[in-house]
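An overview of the molecular structure
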Amino acid sequence: MKTLSISLIILSMLLYSCSDELLDIEPKDQLTDIFVWSSPENANLFLNDIYNNLNPGPVSSVWTALPSEISNDPLDNFSDNSVSGNLAGIPSYEAFTQGAYGPSIPIFNNHWRNMYQNIRKCNILIEKVTESDFPETDKKLMIAQGKFLRAYYYKWLIDLYGGVPIITKALDRVRDGEEIFQQRNTYEECIIFIQKECEEAATDLPLEVSGKNIGRATKGAAWALKGEMELYAGKWSDAAATNLKIMESGVYNLFPNYETLFYEENENNIEVIFDVQYAAEIKGVITERYWSPAQTTDGKGWQAVNPTQNLIDDYEFLDGKTEAEGSTFFDPKNPYNNRDKRFYASILYDGSEWKGGFIYSRIGVPNNRNEFGRPGATRTGYYLRKKLNPKIVPGTSSGQNSIVWRYAEILLNYAEAKNEVLETPDQSIYDAINKIRRRGDLPDLPTGLNKDQMRERIRRERRIELAFEGKRIFDIWRWKIAEDIFKQPLKAMKITESGGDLIYEKVNIDGGKVIFNPSKNYLMPIPETVIARNSKINQNPGY
């Protein structure tokens, strides 16, 4: 749906010209309202505006002021998967790792406000279209999209803060007075709301879209949102059933190439269920600048995402085992050989070929800005490769979409939920996980795993498959393992040369000790500005 931004420009021009010409006839605000809801075509321009505000992640207090998954501080930097590069003013480094965030210093300072602004637009859309005399098919489709988008924005609040006020009508301070100030609903009430909202939306959404409608919500998107919310809430039976609907829909499958499925030339492929649409120059992204190594053959990057050794150690070798599990493929002199294909598609390690050259993080290579420990270079010995298109020059506007849900995640969601429902893993769980593993050229899971063993394998598979897609932070929160993970410093790889041989040494990341308080840090603090405006909002425990 690359036409969204253009549609918004047209909407602005029409509203401006109409109000200018008829200024003496009707007040500007009334004319705008009449114009927008005069036809399904105009109403769809309003709907496009809501789509245009879609956020792949919350907007943090970093200076780029972008949603996390297209910014210079994505959500994996708030987990054990990666750390930020040596950049000043980065919240994941200056606030998160030091435990220095709270109501007065929120990491996602404008997120609450932004989400409720979008929710209000959804409420307006639903109310106005419901009241309209549009054809019934148009009304149903627009209302269904409005409900999906409203659930989407609510989910981004619930994931970070827990229970939030559920508001389903467009409140107005003049008309509604004190009613605009509402207290928080419970987390359980919010989950039930999301479930209902998504099922109602799915009823009237199409199974597939094409042409100019690509990027709009489908049944699969509504089910994906619902299924992920159920998974996060531990509603195992519901999550398994919802994700199974997507699996049985016949619409989606795994894209053959894990590395290129994220590239602009392959966007909206068979694996993509829902993504945030971008278009170069019109509404572009410059993630190649933010995430690229400090030095490449075609420019310079900000190296804002440095994968940790902790993550690297979870990539299996071709026998299906890790170094810690005694893989026969592990060679301490060549630790990067014979790995899961997803490793090579996700990580730039010492000696990686990239853009017609090589990336070296080892110490001692002359004139090397990528050297581990050097100011402005990697803090871990690794750089990000996943989602970086080698055809894009750092700093160039790209139209690469940001995937929110894809089919591999549905398989993982189903497997995890189903495993929690059953006493012993059944074949459907093995089939879901093995389908993903085969794309990485890994052997199938060993048979005969018990429930606990399968749980650990699913969690590792999820970490690897969804690395750098903004999911890890919510996984370690809901599994309540962040407190254990962060007890020890995160690890890096220091590589030196001695007598012509490379020496690989796992060391602590400088600044890699995360201060995590389990009594409060499994949720983010609600910004104090929110509570100052609405005294009915109670703060999350511990803040």
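A look at the overall build of the chain
A tally of helices and strands in the chain yields 19 helices and 10 strands. In terms of overall size, the chain behaves like a compact globule, its C-alpha atoms giving a radius of gyration of 24 Å where 543 residues would be expected to give roughly 24 Å. Taking the principal axes of the C-alpha coordinates as reference, the chain spans close to 85 × 55 × 50 Å. A sequence separation of at least 24 residues applies to 69% of the contacts in the chain between residues at least 6 apart. Carbon and sulfur atoms form 51% of the exposed surface of the chain, whose accessible area is close to 22000 Å².

Structural notes on the nonpolar core
Most often, soluble globular proteins have nonpolar side chains that are buried together. Grouped together as the largest cluster of nonpolar side chains are 114 residues, with contacts concentrated most on F148, Y152 and Y154. Looking at this core element by element, the count peaks at 14 residues for helix α6 (residues 136-161). Those residues in contact with Y154 that lie beyond four places of it in its chain are Y116, I119, V164, P165, I166, I167, F193 and I194. Counting 28 residues, the second largest nonpolar core, distinct from the first, contains V62, I90, A304 and M493.

As for the packing of helix α15 (residues 427-439) against helix α16 (residues 451-465)
In the contact formed by α15 and α16, the axes pass within 11 Å of each other and the chain directions differ by 35°. For the crossing formed where α15 meets α16, the hand is left-handed. Of the residues in α16, those touching α15 at I429, Y430, I433, I436, R437 and R439 are M454, R457, I458, E461 and E465. Its residues placed into classes, the contact of α15 with α16 shows 6 nonpolar, no polar and 5 charged.

As for the packing of aromatic side chains
Taken as a whole and assessed by the stated rule, the structure comprises 33 aromatic pairs. Between the aromatic rings of F343 and Y344, the centroid separation amounts to 5.2 Å while the plane-to-plane angle is 75°, which identifies the pairing as edge-to-face. Classification of F343 by relative accessible area gives buried; the value is 0%. Between F516 and Y522, the ring centres sit 4.9 Å apart and the planes meet at 70°, which makes this aromatic pair edge-to-face. Across the pair, exposure class does not vary: F516 and Y522 are buried alike. Members of the aromatic cluster, connected to one another through ring pairs, are F78, F96, Y101, F108, F486, F516 and Y522. Over the ring of F343 we find R339; its NZ or CZ atom is 5.3 Å from the centre of that ring.

Brief notes about unusual backbone geometry
Most peptide bonds are trans, and most residues other than glycine sit at a negative phi. The backbone phi angle of N338 is positive, close to 60°, even though this residue is not glycine. Mapping N338 onto the fold places it in the loop between α12 (309-312) and α13 (341-346). Overall, N338 belongs to the partly exposed group, its relative accessible area being 34%. Its identity is not glycine, yet N367 carries a phi of approximately 50°, on the positive side.

Focus on the pairing of strand β10 (residues 501-508)
The pairing of strand β9 (residues 491-498) with β10 spans 8 bridges and is classified as antiparallel. Its bridge partner lying in β10, S498 is registered against D501.

Observations regarding the side chain of E465
Residue placement: E465 occurs in helix α16. When its relative accessible area of 0% is taken as the criterion, E465 is described as buried. Engagement of the side chain of E465 in a polar contact is seen with the side chain of R342, the distance being 2.9 Å. Filtering out sequence-adjacent residues up to four positions away, E465 remains in contact with Y258, E271, R342, K386, R406, A408, L412, I436 and R439.

Some details on helix α14 (residues 407-421)
Between its first and last C-alpha atoms α14 spans 21 Å; for 15 residues at 1.5 Å apiece the expected length is 21 Å, and the two agree. Most of α14 sits inside the fold, with 13 of its 15 residues counted as buried.

What about the environment of I270?
With respect to the helices and strands, I270 occurs in the loop between α10 (236-248) and β2 (272-276). On a C-alpha basis, the gap between I270 and L422 in space is 30 Å, while along the polypeptide they are 152 residues apart.

What to know about the packing of α14 against α15
The geometry of α14 relative to α15 is characterised by a closest axis approach of 9 Å and an angle of 150° between their N-to-C directions. Crossing angle aside, the handedness with which α14 passes α15 is left-handed. Contacts between α14 and α15 involve Y407, A408, L411, L412, Y414, A415, K418 and N419 from the former and S428, I429, A432, I433, K435, I436 and R439 from the latter. The class makeup of the residues in the contact of α14 with α15 is 10 nonpolar, 2 polar and 3 charged.

Regarding the confidence of the model for the chain
Across the chain, the average pLDDT comes to 93, with 94% of residues at or above 70. Note on residues 9-29: pLDDT is under 50 here. Beyond four places in sequence and across chains, it has 14 contacts.

Describing α10
With 13 residues, α10 extends 18 Å between its outermost C-alpha atoms, agreeing within 8% with the 18 Å of an ideal straight helix rising 1.5 Å per residue. Among the residues of α10, those classed as buried are A239, A240, T242, N243 and I246. Against the buried residues of α10 lie α9 (219-232), β2 and α14. Where α10 ends, the next residue or the one after it, G250, has phi of about 80°, a positive value.

Quick word on the pattern of salt bridges
Tallied over the entire structure, the rule returns 45 salt bridges. Of the charged contacts in the structure, one is a salt bridge between R175 and D176, with a shortest N-O distance of 2.9 Å. On the basis of relative accessible area, R175 is assigned to the exposed category, the value being 56%. We classify D176 as buried; its relative accessible area is 14%.

Structural notes on the side chain of K355
By the secondary structure assignment, K355 is in the loop between β5 (352-354) and β6 (357-359). For K355, a relative accessible area of 17% corresponds to the buried category. Engagement of the side chain of K355 in a polar contact is seen with the side chain of D298, the distance being 3.0 Å. Not counting the four nearest positions on each side in its chain, K355 is found in contact with T297, D298, N389, P390, I392, V393 and P394.

Rules behind the numbers
- Residues numbered from 1 in each chain as written.
- Predicted model: local features only at pLDDT ≥ 70, side-chain atom pairs only at ≥ 80, totals over all residues.
- Heavy atoms only, no water.
- Helix = DSSP H or I, 4+ residues; strand = E, 2+ residues; numbered from the N terminus.
- Rg over C-alpha atoms; globule rule 2.2 N^0.38 Å.
- Contact = heavy atoms within 4.5 Å.
- Areas by Shrake-Rupley, 256 points an atom, 1.4 Å probe, with all protein chains shown as cover.
- Core = buried A, V, L, I, M, F, W, Y, C linked by side-chain atoms within 4.5 Å.
- Buried < 20%, exposed > 50% of the residue type's maximum accessible area, 1.4 Å probe, protein only.
- Axes fitted to C-alpha atoms, helices over the stretch in contact; angles between N-to-C directions.
- Left-handed = near helix turned anticlockwise from the far one by under 90°.
- Nonpolar A, V, L, I, M, F, W, Y, C, P; charged D, E, K, R; others polar.
- Phe/Tyr/Trp six-rings, centres within 6.5 Å; stacked < 30°, edge-to-face > 60°.
- Lys NZ or Arg CZ within 6 Å of the ring centre and 35° of its normal.
- Pairing = 2+ DSSP bridges.
- Polar contact = N/O pair within 3.5 Å; in protein donor to acceptor, adjacent residues only side chain to side chain.
- Expected span 1.5 Å × (residues − 1).
- pLDDT = per-residue confidence, 0-100.
- Salt bridge = Lys/Arg side-chain N within 4 Å of Asp/Glu carboxyl O.

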